[in-house]
Amino acid sequence: MGSNAAELYKRIQQNPEHTQTLFRQALQDPQGALQAICDLGASIGLPVTIEEVKSHLASIDDGETKQWLIKARGGL
């Protein structure tokens, strides 16, 4: 399932609406954002767990992701 997290992240990045919605939710409710990512993955056939999402995000080394994590780090 680890590869699902990478593919799901890629798809979320390619969809500005998903990116914006998840970012806003992460600012208000980081744990809810993690669950929303898992729910989105399940709905498009890329199931992931919260731990897989956290692990994948921690492994990414790019500025945009780091900014997102800084803002939402309370739940991530």
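Just above, that's the structure.
Here's a quick rundown of the structure. (Residues numbered from 1 in each chain as written. Predicted model: local features only at pLDDT ≥ 70, side-chain atom pairs only at ≥ 80, totals over all residues. Heavy atoms only, no water.)

Some remarks on the pattern of salt bridges
- Counted under the stated rule, the structure contains 2 salt bridges.
- A salt bridge links Arg 11 to Glu 7, with the shortest nitrogen-to-oxygen separation between them at 3.0 Å. Linking Arg 11 with Glu 7, this pair stays in helix 1 (residues 2-13), spanning 4 residues, or about one helical turn.
- Relative accessible area serves as the criterion here: at 36%, Arg 11 is assigned to the partly exposed category.
- Judged by relative accessible area, which is 27%, Glu 7 ranks as partly exposed.
- Across the salt bridge formed by Glu 51 and Lys 54, the nearest N and O atoms sit 3.8 Å from each other. Here Glu 51 and its partner Lys 54 are both found in helix 4 (residues 50-59), 3 residues apart, which amounts to about one turn of the helix.
- Judged by its relative accessible area of 52%, Glu 51 is exposed. (Salt bridge = Lys/Arg side-chain N within 4 Å of Asp/Glu carboxyl O. Helix = DSSP H or I, 4+ residues; strand = E, 2+ residues; numbered from the N terminus. Buried < 20%, exposed > 50% of the residue type's maximum accessible area, 1.4 Å probe, protein only.)

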